[in-house]
Amino acid sequence: MAEEVKVPLPPVHVEVPLTIYINQATTYLGKAILKELSRPASGGPGPAVTEKIEHTFITSDAAPSSELISNKSTYLKESSTIEYCEKLKSCDVMVFDLSTCNHAALEFALKSFKMIETWDKSRTIILLSSVFTWAHTPSLYKKDPVEGEQEEPIEGEAKEEEQPEEDSGEEEKEENEPEEENKEPQEQQEEADKKKKVLAFKEAQFYLRVPEPKYNSFKFLETLALSIGMSKIAGKPEDKKLNVYVLCAGILYGNGEDTLYEYFKRAWLQNPAELPFIGKGMNYVPTIHVVDLARLVKRVTLIQPKIKYIIAVDRTKRPYQKKIVTAISKAIGTGLTKTKLVSELIKEAWMIPFQINLKIRPSDVFKDEPTPETEAEVEPEIAEKRALARKFPWHCEFGIPENIAKLNLEFNQYRDLKPVKIFITAPPASGKSWLCKQLSKYYNVPYITSTDLEAEGRALKSDLGEEIRKKIEEDKEKKNEEYQALPKKVQKTIDISKYEPPIPDEFLLKVLQLKLVSNACRNRGYVLDDYPKTYKLAQPTFLKQAKKEGEEEAAAAEGEEVNYEDYIVNPDIIPSSVIVFEASDKYVVERVKNMSQKEQEAGGDGKQKGYNEAEIKRRLKDYRKNNNPDDGSLSLADFFKEKQIATLFINIEERPKEIAIQQMKVFVERNGKPKNYMTEDEEKEKERYKLVCEELAKTKQLKEVQRGEEEKVEGEFRIQKNSIDDKRINKYLEQERQGLDKLAEPIKTSILNNIGSLSLIHI
C-alpha cells in the first residue's frame, strides 16, 4: 500500500506584491503603516510568512524615508487633476490619512471613482479618520430608546466590569464643589454620566456621529467614500469591485508620541511635578497605539472585512482621562496629578484632545478570525500556528495604563533619550560638590548626595523605612546608655538631645538603589556625589546576581559574607562615566584654612558637621584608605576599572574650575551630546534671545531718538530756511515793485498830463 502523501495547506494569509499608495509615508502614522505593510503576515507554514514581500509604494512625500528607499517607490503629487486620479487607479491599495492628505484632491478622486462603471480588478481604499468626528455626539444612556442599546461586555472586560469602579471615590461630592449651573460643560456631562448607565457606541451606529467643527470635512469625506461602497459598484464581482473602508482611530500614542508628546515630555522632565488633567477626569478617552492602527490597516487589506466603517480603538478598561494621566505620571513622572478647569486650557492647548468624552467599542475586526472547516484534521502544531495567525497581533491591547512601561521605553528610544549617569569622587573639601552641582544643572539630572539619602531614608513609608527608624532608635538608646555612664562633669559638656545617629551603610545602600531606579534617574540619569565610598560598598550597589529567567535571587544567610565573583554589572544603575578628582592633603588643608567661617560650618560628611583642621585630616585619612590604599587592597577606582567603566582623572590643583568643567563635559559627551532636554542650553538660548531682543529694542529706541533729533533739527532748519526764503521773496517782490514803479513813472506822468488837458477842454 502506497504511503499517503500529506499536502501542506497554504498559509493563512497569502501575500502577493502590490502597488500601494500612502499619501504621506514619512509622518508619524505613515512610517508605522509603511513598516507594517512591508513585513510579512505572521502564522502558518510556507514562504509567505518568512519572506519579505516587495511591494511598490507610491507616496506624495517630497522627501522619501529610508524605508521607502529600500522598496520600489515613486512620487505622486496630490492634486485635483485627472492625471492624479489615473495614477491612483493603477494602485491595488490606496491609504489616505485625513489628518495629512489634501482634502480637495481626495474629494476629486473619490467623485471620479464613483463615476467608474467597471474596474479591471478589485481595489481597496482605506480612509484613516479620527474619533473627533464623534466628539460632539451626545452620550447614549441605557434608558435611551436607541436600537441596539443593550451593551455587551468588551472582549477581555467581562469580569472586570462587574467589579466596583476603581475611581468610585472620586464620585463623592467634594468640598466647595460648584453648583450645577456654575460647572464647566464637561463636568456637567460627567455628572450626567454618573447618574445614568452610559452605553458604548458600536460601529453600526456611525450614522449618529456629530463631529467637532474642525472635523466636519473628515465626516464629509467619510460619507462620500462610504457612498461608493453602496453604489452599483458594490454589485460587481468580487474580483472587480472597489472596497472602501473608513478606520475611525482613537487618539494615537506610542513610538515616541505625537498627540500625547507634551504629556510624556512633561512627565519625563517631572516639570511640572503634578501632571494635569481636565476637570474631574472621569470622561472616556478612546485611544490606540499607532502600531496597532498600522496592523489594522494591514489586516483590512488582507481579509477585506464586510463591515466598512471600522472603529479602531484599543481595549483599555475604563479609559478615564484621569486614569490615563495618572498612569503616565506614576510610571514616568513623580506620580502626582492635578486638576485643571477647561477655561485654563487657553494656555495649555496640548491638553485639548483629552476633553473628548466618548465611550466607544472596538470593531469586531479585531476579534479572532473564524477557523475554516478545512482545518478540522490539521496537525496540532500547524493548527496552533494557524490559530495564532488568526488572532489580531496586538501591540498594546489594553491601552496606556497596562503598557506604560513599554511606552516609556519607546519614548526614550524614538526620541534618542539616554540617561546621563555620572559618579564623582574626590578628597573632602576639594570643591567636588560645586562641580557636581554644575554638571547636574547642565545635564538636567538629579544630584544625589549621602546627606540627601539620609533624609529620604528617614522619611520612607515602607518596610525599609520602618527598619531604618528602628535601627536609629536602637542606636540612640545605645548612645544614651553610653552617655549615662559618663561622669556628670563630662555629661554637662554634651547635649545628647541633638545626637542623630547616621543610617548604617547596609540600609543607606538600599535607599540609594531605590533612588537609582526611580523614574527620574532611570530616564534622565544622575550625578552621584562620592557614595558609595569604598570598593566593598560599590559591589552590592552596582552588581546583581547572574540568574536565569524565572529564577529568584538567592539571599545570603545573615552574617554570611557575599561572594561577588559570579555577580554581573547591573546596567540599569551603574554609572557610564566616572570622574576622579586628585588633590594633595596639603592643598586640601590650605583650602579649608582659607574658607570663610560660613563655608567651614557648611562642610561635613553626615557624621560630623563643619570643617576644622583635625576633622579634615581625619576625613583625608579615610579617603586615602579607600582610594589610595598602601596595603595593596582594592580602591573604589579599581572597582570601576574592573567593570570597564570609563574613568577620567583630573588634578584639581592644576586645573581651574572652569577648565575642569569643560574637560568633564568633553569626557561625558565622548560618544555624542545627550538629547535630554538639557534645560541649561535652553536657558542660555532664552537668555541669548532676551539679550538680542533687548539689544534690538535699544537699537530701535536709539534709532527713534536719532530720528526724532534729526526731525527736530530738520524742522528747525526748515523753519529757518522758510524764514530766509520768505525774506528773500519779500525783498525780491519789493525790488520788483520799486522797479515797476520807476518804469511806470513816465507813463503815469503822461496820463496825468493828458487827463489834465482833457479836463480843460471839457470846461
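Computed from a predicted structure; not experimentally measured. (Residues numbered from 1 in each chain as written. Predicted model: local features only at pLDDT ≥ 70, side-chain atom pairs only at ≥ 80, totals over all residues. Heavy atoms only, no water.)

S.K.: Sorry, what's going on with the overall build of the chain here?
M.R.: Within the chain, the regular secondary structure consists of 25 helices and 20 strands. Across the chain, the fraction of contacts at a sequence separation of at least 24, relative to all contacts at a separation of at least 6, is 81%. Taken as a whole, the chain presents about 43400 Å² of accessible surface, with 53% of it coming from carbon and sulfur. (Helix = DSSP H or I, 4+ residues; strand = E, 2+ residues; numbered from the N terminus. Contact = heavy atoms within 4.5 Å. Areas by Shrake-Rupley, 256 points an atom, 1.4 Å probe, with all protein chains shown as cover.)

S.K.: Before we go on, may I ask you to explain the packing of aromatic side chains in this structure?
M.R.: Given two aromatic rings, one states the distance between the centres and the angle between the planes to describe the pair. Considering all chains together, one arrives at 24 aromatic pairs under this definition. Here the aromatic rings of phenylalanine 113 and tryptophan 119 are separated by 5.6 Å at their centres, their planes lie at 70 degrees, and the arrangement is edge-to-face. Here phenylalanine 113 matches tryptophan 119 in class, with each residue buried. Cluster of aromatic residues (ring-pair linked, three or more members): Phe423, Tyr535, Phe542, Phe639 and Phe640. One cation-aromatic arrangement involves lysine 317 over phenylalanine 398; the distance from NZ or CZ to the ring centre is 5.1 Å. (Phe/Tyr/Trp six-rings, centres within 6.5 Å; stacked < 30°, edge-to-face > 60°. Buried < 20%, exposed > 50% of the residue type's maximum accessible area, 1.4 Å probe, protein only. Lys NZ or Arg CZ within 6 Å of the ring centre and 35° of its normal.)

S.K.: I'm lost on the pattern of salt bridges in this one. Help?
M.R.: Scanning the model with the defined rule gives 26 salt bridges in all. The shortest N-O distance in the salt bridge between aspartate 120 and arginine 123 comes to 2.6 Å. A residue is classified by how much of its surface remains accessible, and aspartate 120, at 56% relative accessible area, is exposed. Look at arginine 123 and you get buried, because its relative accessible area is 4%. For arginine 469, the salt bridge is made with glutamate 466, and the minimal N-O distance between the two is 3.1 Å. (Salt bridge = Lys/Arg side-chain N within 4 Å of Asp/Glu carboxyl O.)

S.K.: What is the right way to look at a negative patch on the surface in this model?
M.R.: A cluster of like negative charges, contributed by Glu473, Glu474, Glu477, Glu481 and Glu482, occupies part of the molecular surface. Residue position: glutamate 477 is located in helix α15 (residues 463-484). (Patch = residues over 30% accessible without salt bridge, like charges linked within 9 Å, V, L, I, M, F, W, Y side chains within 5 Å. Lys, Arg positive; Asp, Glu negative; His and termini not counted. Charge placed at Lys NZ, Arg CZ, Asp CG, Glu CD.)

S.K.: Help me understand the sheet that holds strand β14 (residues 420-425) in this model?
M.R.: Sheet strands associate in pairs through backbone hydrogen bonding, adopting either a parallel or an antiparallel arrangement. Pairing is parallel across the open sheet formed by 5 strands, whose spatial order is β15-β16-β14-β19-β20. Strands with a single pairing partner mark the edges of an open sheet, and in this sheet they are β15 (447-448) and β20 (647-651). Sheet analysis places β14 next to strand β16 (residues 525-529), joined by 5 bridges and oriented parallel. Among the inter-strand pairings, isoleucine 424 is bridged to a residue of β16, identified as aspartate 529. (Pairing = 2+ DSSP bridges.)

S.K.: It is not clear to me how the pairing of strand β10 (residues 274-278) should be interpreted in this structure. Could you clarify?
M.R.: Working note: regular strand, side chains alternate between the two faces of the sheet. Counting buried positions over the 5 residues of β10 gives 4, a clear majority of the element. Here β10 runs beside strand β13 (residues 336-340); their pairing, made up of 5 bridges, is parallel. Residue pairing across strands places isoleucine 278 opposite lysine 340, the latter belonging to β13.

S.K.: Help me understand the pairing of strand β12 (residues 309-312), please; the structure alone is not making it clear to me.
M.R.: In β12, alternate side chains face the same way, and those of Tyr309 and Ile311 on one face and Ile310 and Ala312 on the other are all buried. Where strand β8 (residues 242-249) and β12 come together, 4 bridges link them in parallel fashion. Bridge pairing in β12 links leucine 247 to isoleucine 310.

S.K.: Just to check I follow, could you spell out the environment of lysine 617 for this structure?
M.R.: Tracing the backbone through its elements, the reader meets lysine 617 in helix α22 (residues 613-627). A sequence separation of 29 residues divides lysine 617 from valine 588, and the C-alpha atoms of the two residues are 9.1 Å apart.

S.K.: Would you mind showing me how to read the nonpolar core here?
M.R.: Across soluble globular proteins, you tend to see nonpolar side chains buried next to one another. In this structure, Phe113 and Ile328 are the most contacted members of the largest nonpolar core, which totals 73 residues. Excluding its chain neighbours within four sequence positions, the residues that come into contact with isoleucine 328 are Tyr263, Phe264, Ala267, Leu275, Gly333, Ile400 and Ile404. Listed in part, the 33 residues of the second largest apolar core include Phe423, Phe507, Leu537 and Tyr623. (Core = buried A, V, L, I, M, F, W, Y, C linked by side-chain atoms within 4.5 Å.)

S.K.: Where do I start with the side chain of asparagine 283 in this structure?
M.R.: Secondary-structure assignment places asparagine 283 in the loop between β10 and β11 (287-289). Side chain to side chain, asparagine 283 and glutamine 321 meet in a polar contact 2.8 Å long. At a separation of 2.7 Å, a polar atom in the side chain of asparagine 283 contacts the main-chain carbonyl oxygen of isoleucine 356. (Polar contact = N/O pair within 3.5 Å; in protein donor to acceptor, adjacent residues only side chain to side chain.)

S.K.: Before we go on, may I ask you to explain unusual backbone geometry in this structure?
M.R.: A negative phi angle characterises most non-glycine residues, just as the trans form characterises most peptide bonds. Geometrically, the link from asparagine 271 to proline 272 is a cis peptide bond, its omega value of 5 degrees lying close to zero. When you line up the elements, proline 272 lands in the loop between α8 (261-269) and β10. The peptide bond linking tyrosine 531 to proline 532 adopts the cis configuration, its omega dihedral lying at 5 degrees. Looking at the element boundaries, proline 532 is found in the loop between β16 and α19 (535-542).

S.K.: Whenever I open this one, a nonpolar patch on the surface confuses me. Can you help?
M.R.: There is a patch of nonpolar side chains on the surface, built from Leu486, Val490 and Ile494 and spanning about 200 Å² of accessible area. Here isoleucine 494 is to be found in the loop between α16 (488-492) and α17 (505-516).

S.K.: So what exactly am I meant to see when it comes to α8 here?
M.R.: Every α-helical turn comprises 3.6 residues, leaving residues that sit three or four positions apart pointing alike. Those residues of α8 not exposed but buried are Tyr261, Tyr263, Phe264, Ala267, Trp268 and Leu269. Tucked inside the fold, the buried residues of α8 contact β10, α10 (321-332), α12 (399-414) and α18 (519-524). A positive backbone phi angle near 55 degrees is found at glutamine 270, which sits one or two residues after α8.

S.K.: Sorry if this is basic, but what is going on with the packing of helix α14 (residues 450-459) against α17 here?
M.R.: Packed helices, taken two at a time, are described by their axes: the angle between them and the distance between them. At their nearest, the axes of α14 and α17 sit 9 Å apart, and the two run at 95 degrees to each other. On the basis of the axis angle, α14 is roughly perpendicular to α17. Seen from α14, the contacting residues are Leu453, Glu454, Glu456 and Gly457; seen from α17, they are Leu508, Val511, Leu512 and Lys515. Here the contact of α14 with α17 is built from residues that sort into 4 nonpolar, 1 polar and 3 charged. (Axes fitted to C-alpha atoms, helices over the stretch in contact; angles between N-to-C directions. Parallel < 35°, antiparallel > 145°, perpendicular 65-115°, else oblique. Nonpolar A, V, L, I, M, F, W, Y, C, P; charged D, E, K, R; others polar.)

S.K.: I keep staring at the confidence of the model for the chain and nothing clicks. Help me out?
M.R.: As a general rule, the predicted coordinates of low-pLDDT regions are not to be interpreted in detail. On average, residues of the chain score 81 in pLDDT, and 74% of them are at 70 or above. Within the chain, helix α5 (residues 158-161) has the poorest average pLDDT of any element, 42, and β11 the best, 97. Contacts of residues 1-10 to residues separated by more than four positions or lying in other chains number 6 contacts, the stretch itself having pLDDT below 50. Confidence over residues 43-50 falls short of pLDDT 50; this stretch has 19 contacts with residues more than four positions distant or in other chains. (pLDDT = per-residue confidence, 0-100.)

S.K.: Explain α14 to me, please; I cannot follow it from the model alone.
M.R.: Taken residue by residue, α14 has Ser450, Leu453, Glu454 and Gly457 as its buried positions. Looking straight down α14, one finds its buried side chains confined to an arc of 105 degrees; they lie on one side. (Arc of directions from axis to C-beta.)

S.K.: Just to check I follow, could you spell out the side chain of serine 129 for this structure?
M.R.: Tracing the backbone through its elements, the reader meets serine 129 in strand β5 (residues 123-130). Setting aside its immediate chain neighbours within four residues, serine 129 contacts Leu98, Phe218, Glu222, Val246, Leu247, Cys248 and Ala249.

S.K.: Looking at this structure, how should I read the environment of glycine 457?
M.R.: Examined against the element boundaries, glycine 457 turns out to sit in helix α14. Overall, glycine 457 belongs to the buried group, its relative accessible area being 0%. Put simply, glycine 457 and phenylalanine 507 are 50 residues apart on the chain and 8.2 Å apart in space, counted from C-alpha to C-alpha. Residue contacts for glycine 457: discarding those within four places in its chain leaves Gly465, Ile468, Arg469, Ile503 and Val511.

S.K.: Which parts of the structure should I look at to understand the packing of α17 against α19?
M.R.: Close contact between α17 and α19 brings their axes to 10 Å; oriented N to C, the two are set at 45 degrees. It follows that α17 is oblique to α19 by the angle criterion. Classified by chirality, the crossing of α19 by α17 is right-handed. For the pair formed by α17 and α19, the contact residues are Asp505, Leu509, Leu512, Gln513 and Leu516 on the first element and Leu537, Pro540, Thr541 and Phe542 on the second. For the contact of α17 with α19, the class distribution of residues is 6 nonpolar, 2 polar and 1 charged. (Left-handed = near helix turned anticlockwise from the far one by under 90°.)

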